[in-house]
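Coordinate analysis (summary)
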Amino acid sequence: MRFAVLASGAGSNLQALIDRAHGHHGNELVAFATDKPQAPALQRAQAAGIPTKVFPASQYAGREARDIAMANWLGDAHRTELVVLAGYTQLVTPAFLEAFPQRVINVHPALLPAFPGMGVVQKALDHGVKVFGVTVHFVDAGMDTGPIIFQRGVELPEAETAQEVLAHLHPIEHDLLVDAVAQIAQGSVSLDPANPRRVRVSR
Ligand code: GRF
């Protein structure tokens, strides 16, 4: 399977995919796109020899125009079959999702549907939660609302800082994201026809 990654930040999830998904079981990371020219993730992709392109908001008439250009680059130029959002800080538009139906996934540092959106680890800390976690889900037009593929929680009742929590969450993110790509590539992931919110993974 040919997959692509979109990221805006440090790129530790991208790095896990480069190290543990790219070139494994016939899967290839064929393209990397970002909205942020300064993102360390961009340097990681370049260092791995992955084709990259920056799609800054300022160069397009609007979000949809940017997403159509990005979808064309990923789809037509690189024949991408799955798009992985790995710390991509833009909401993708319906125009983008229509280009890759049921083929965009995201990793989120909370147990959805609790704490969607940005800055969620701090919000969970502020709320006083004892169990943190990670969700990998299909992306739909909402904010972190798509069907859930994998989730894993971790009890951190004494945690005080977001940095401390994220140090526990990142390895979980990397494991779940790499696994999700592998399972989707194998055709093991499907929506339950009786309840399309429910994702079946038949290993
Ligand atoms: C991760 O916490 C991910 O869950 C969230 O953005 C962060 C990206 O981290 N969507 P990195 O850039 O992959 O290190």
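Everything quoted here is computed from the prediction, not taken from an experiment. (Residues numbered from 1 in each chain as written. Predicted model: local features only at pLDDT ≥ 70, side-chain atom pairs only at ≥ 80, totals over all residues. Heavy atoms only, no water.)

1. Digging into the site of the ligand
Spelled out, the test is: We call a residue near a given molecule or strand whenever any one of its heavy atoms falls within 4 Å of it. N or O atoms within 3.5 Å of each other form a polar contact, as long as, within protein, one can give a hydrogen and the other can take it, and as long as residues adjacent in sequence are counted only when both atoms are side-chain atoms. The Shrake-Rupley method, run with a 1.4 Å probe sphere, supplies the accessible areas, and residue values consider only the shown protein chains as cover. In DSSP terms, a helix is any run of H or I states spanning at least four residues, a strand is any run of E spanning at least two, and both are numbered starting from the N terminus. Lys, Arg, Asp and Glu make up the charged group, whereas Ala, Val, Leu, Ile, Met, Phe, Trp, Tyr, Cys and Pro make up the nonpolar group; the residues left over, Gly among them, are polar.
Neighbouring the ligand are Gly9, Ala10, Gly11, Ser12, Asn13, Gly87, Val107, His108, Pro109, His170 and Glu173. Contact between the ligand and Ala10: an oxygen atom at 3.2 Å from a main-chain N or O atom of the residue. In the environment of the ligand, an oxygen atom lies 2.6 Å from a nitrogen or oxygen atom belonging to the side chain of Ser12. Relative to its unbound accessible area of 370 Å², the ligand is 82% covered by the protein chains. Elements supplying a minimum of two residues to the shell around the ligand: α1 (12-20), β5 (104-108) and α6 (162-185). Here the shell around the ligand is composed, by residue class, of three nonpolar, seven polar and one charged.

2. What to know about unusual backbone geometry
Going from Leu112 to Pro113, the amide bond is cis rather than trans, its omega being 15°. Here the phi dihedral of Gln102 falls at roughly 55°; this positive angle occurs in a residue that is not glycine. Assignment of secondary structure puts Gln102 in the loop between α4 (94-99) and β5.

3. Things to note about the pattern of salt bridges
Note the following rule: A pairing counts as a salt bridge when a side-chain nitrogen of Lys or Arg comes within 4 Å of a carboxyl oxygen of Asp or Glu. The classification of residues rests on relative accessible area computed with a 1.4 Å probe and restricted to protein chains. Under 20% of the type maximum is buried, over 50% is exposed, and intermediate values are partly exposed.
All told, the structure shown has five salt bridges when counted by the stated rule. As a salt-bridge pair, Asp35 and Lys36 come within 2.9 Å of each other at their nearest N and O atoms. A salt bridge links Arg203 to Asp179; the nearest nitrogen and oxygen atoms lie 2.6 Å apart. One end of the pair, Arg203, is in the segment after β9 (195-201); the other, Asp179, is in helix α6, with 24 residues separating them in the sequence. On the basis of relative accessible area, Arg203 is assigned to the exposed category, the value being 65%.

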